[in-house]
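# A closer look at the structure
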Amino acid sequence: MKTVCITGCTGQTGSYLCERLLNDYKVYGLMRKSSSFNTERINHIFNHPNLELMYGDLTDGSNITNWIAKCKPDYFFNLGALSHVKVSFDQPLYTLNADAGGVINCLEAIRLHSPNTRFLHAGTSEQFGSSSPPQSEKTEMAPQSPYGVSKLAAYWLVRNYREGYGLFACSSISFNHESKKRSPTFVTGKICRGAARIKCGLQNELVLGNLKAKRSWNHVSDIIDGMLLMINAEKPDDYVIGSNKMISVEEFAEKVFSKLGMDWKDYVKVSEKYFRPNEVPNLEPDSTKIRTELGWTPKYSLDDIINEMLDEHMRLAKQEVLLKEEKLDER
Ligand code: NAP
Ligand code: G4F
């Protein structure tokens, strides 16, 4: 049976990828030690015989080296990262260490201990920063945050190791991807959760930051399809992955609230607290290269994504209401 290493397996994308591969591959997942449970997204597969989890951190080179030397995987997906753009301004050096230094740790370990491993790094549209949309592989990269800068460094490191050492190493340049497992610390999750809780009487307002920024929101399953095509391609290369047209945060909120029969303007407030020192105004993918060279065909529309996220957050909000009522009954 072929083997796969996945960093970030407790995260949104990593958990979907584990689930997708488990029946056909032996999957080794790297998870961080945390003071409370951080396996919520993989609890349903936690005891699967093909899943082996190990504690680790991308910033710990010896830990990554030992892991790769032991597993010698056929495939390696580096999905672990400090992935929150605003938090990267608060923790710039940690972000550089984890999101760029962590990639050096992976690439060096592969070069020295498992040179036949195929390596995919999760790059991001944040690398394009202030460049005009639509963005393709040829667009100038002008990142606007410690996160974007770190991911751009990682992207160049991957290219260096591919060209210098002949490793099969590639970077996906993925646009925003969402799902029912998206953390509500990101704006789509925050809006869907907030609207559902307002609908169920659990909160009165939703406080957001910059409503004018535009993003292309895609489904995580489509992005994973692209990653799998890339890592199985004849030769390693970097590809933009993303398909949906960009819309603003404001338009996203309007769609979500109207699906629940509400007017967003009655509930959404804006606070400086959620603004970033630099903003990335417009991100929209030109994914011609991956469509024509690898036959990538995305399946999810923005409406599909919002419906899935809202269903989940309505389910959670209703559960919360029931729990509250039970507590009242106990008194
Ligand atoms: P996510 O939900 O935030 O998951 C990030 C994962 O990385 C979590 O499992 C987290 O562990 C782990 N992690 C964080 N710091 C780590 C470290 N120092 N060492 C090891 N693991 C660490 O992110 P996602 O949405 O799944 O994104 C997956 C990858 O794609 C990330 O690299 C992200 O930067 C990139 N990306 C995401 C998007 C998007 O829109 N989702 C777009 C482009 C690129 P805990 O569970 O313990 O926190
Ligand atoms: O949901 P966001 O935090 O995602 P952002 O910054 O686009 O980053 C995500 O996508 C990247 C790909 O382009 C990934 F690489 C990265 O890991 C992450 O998954 O913010 C989206 C937009 C921003 O312009 C932000 O300023 O929404 C705006 N926003 C407005 N109010 C907010 C809020 N963002 C958050 N998180 N919270 C707010 O209250």
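Residues numbered from 1 in each chain as written. Chains lettered and ligands numbered in written order. Predicted model: local features only at pLDDT ≥ 70, side-chain atom pairs only at ≥ 80, totals over all residues. Heavy atoms only, no water.

## Notes on the overall build of the protein chain
Just so we agree on the cut-off: Comment: elements are numbered from the N terminus, with helices defined as DSSP H or I runs of at least four residues and strands as E runs of at least two. Here the radius of gyration uses the C-alpha set of atoms, whereas the globule reference equals 2.2 Å times the residue count to the power 0.38. To sort residues, take the accessible area from a 1.4 Å probe on protein chains only and compare it with the maximum for the residue type: under 20% means buried, over 50% means exposed, and anything in between is partly exposed. The contact criterion used throughout is that any non-hydrogen atoms of two residues lie within 4.5 Å. Calculation of accessible area relied on Shrake-Rupley with a 1.4 Å probe; when residues are assessed, cover is drawn exclusively from the protein chains displayed. Charged residues are defined here as Lys and Arg on the positive side and Asp and Glu on the negative side; His and the ends of the chain fall outside this count. Charge positions come from single atoms, namely NZ of Lys, CZ of Arg, CG of Asp or CD of Glu.
Looking only at helices and strands, one finds ten helices and 13 strands in the protein chain. The C-alpha atoms of the protein chain give 20 Å as radius of gyration, which agrees with the globular expectation for 331 residues (20 Å, within 12%). Taking the principal axes of its C-alpha atoms as reference, the protein chain extends roughly 60 × 50 × 40 Å. Looking at the protein chain as a whole, 54% of its 331 residues are labelled buried. Taking the contacts inside the protein chain whose residues are at least 6 apart along the sequence as the reference set, 79% of them involve residues at least 24 apart. When the accessible area of the protein chain is evaluated, it comes to approximately 15200 Å², of which 49% is carbon and sulfur surface. Placing the 41 positive and 41 negative side-chain charges of the protein chain at their respective mean positions leaves the two points 1 Å apart.

## Looking at the packing of helix H6 (residues 187-199) against helix H10 (residues 302-330)
Rule in force here: Axis definition: a line fitted to C-alpha atoms, over the contacting stretch in the case of helices. Angles run 0 to 180 degrees between N-to-C directions. Note on terminology: angles under 35 degrees are roughly parallel, angles over 145 are roughly antiparallel, angles of 65 to 115 are roughly perpendicular, and the others are oblique. Crossing handedness follows the turn of the near helix against the far one: under a right angle anticlockwise gives a left-handed crossing, and clockwise gives a right-handed one. As a working rule, the residues Ala, Val, Leu, Ile, Met, Phe, Trp, Tyr, Cys and Pro are called nonpolar, Asp, Glu, Lys and Arg charged, and the rest polar, with Gly in that last group.
Packing of H6 against H10 leaves a shortest axis separation of 8 Å and a crossing angle of 45°. By the angle class used here, H6 and H10 are oblique. Where H6 crosses over H10, the two elements pack in a sense that is right-handed. Counted together, Thr-188, Gly-189, Cys-192, Arg-193, Ala-196, Arg-197 and Lys-199 of H6 and Met-309, Leu-310, His-313, Met-314, Ala-317 and Glu-320 of H10 form the full contact between these two elements. Of the residues in the contact of H6 with H10, the class split is six nonpolar, three polar and four charged.

## Comments concerning helix H8 (residues 249-259)
Put simply, the test is: By construction, the arc corresponds to the directions joining the helix axis to the C-beta atoms.
The set of residues buried in H8 consists of Val-249, Phe-252, Ala-253, Val-256 and Phe-257. Buried residues of H8, seen end-on, are gathered within an arc of 125° and therefore sit on one face of the element. Next to the buried residues of H8 lie H6, strand S8 (206-208), strand S12 (247-248), strand S13 (268-270) and H10. In the segment just after H8, Gly-261 is the residue with positive phi, at about 75°.

## Remarks on the sheet that holds strand S5 (residues 118-124)
Note the threshold: Here the rule is simple: two strands pair whenever DSSP picks up at least two bridges between them.
Across the sheet, which stays open at both edges, the seven strands sit in the order S3-S2-S1-S4-S5-S6-S11 with parallel pairing between neighbours. This sheet does not close on itself; its edge strands, each paired only once, are strand S3 (51-55) and strand S11 (239-241). Shown here is a sheet whose adjacent strand axes are inclined to one another by a mean of 20°, direction ignored. Running at roughly 170° to strand S2 (residues 26-31), helix H2 (residues 61-71) makes contact with strand S1 (3-7), S2, S3 and strand S4 (75-78) of the sheet.

## Looking at the packing of aromatic side chains
For clarity, the threshold we go by: Ring geometry is summarised as follows: Phe, Tyr and Trp rings, the Trp one being its six-membered ring, pair when their centres sit within 6.5 Å, and such pairs are stacked at plane angles under 30 degrees, edge-to-face over 60 and tilted between the two. Both a distance and an angle decide whether a charge sits over a ring: NZ of Lys or CZ of Arg must be within 6 Å of the ring centre and within 35 degrees of the ring normal.
For the coordinates displayed, the defined rule picks out eight aromatic pairs. Note on Tyr-155 and Trp-156: the rings are 5.7 Å apart at their centroids and 80° apart in plane angle, and the pair reads as edge-to-face. Connected via pairs of aromatic rings, a cluster forms that spans Trp-67, Phe-76 and Phe-119. Over the ring of Phe-168 we find Arg-118, and its NZ or CZ is 3.9 Å from the ring centre. Looking at Lys-289, its charged tip hangs above the ring of Tyr-239, at a distance of 4.7 Å from the centre.

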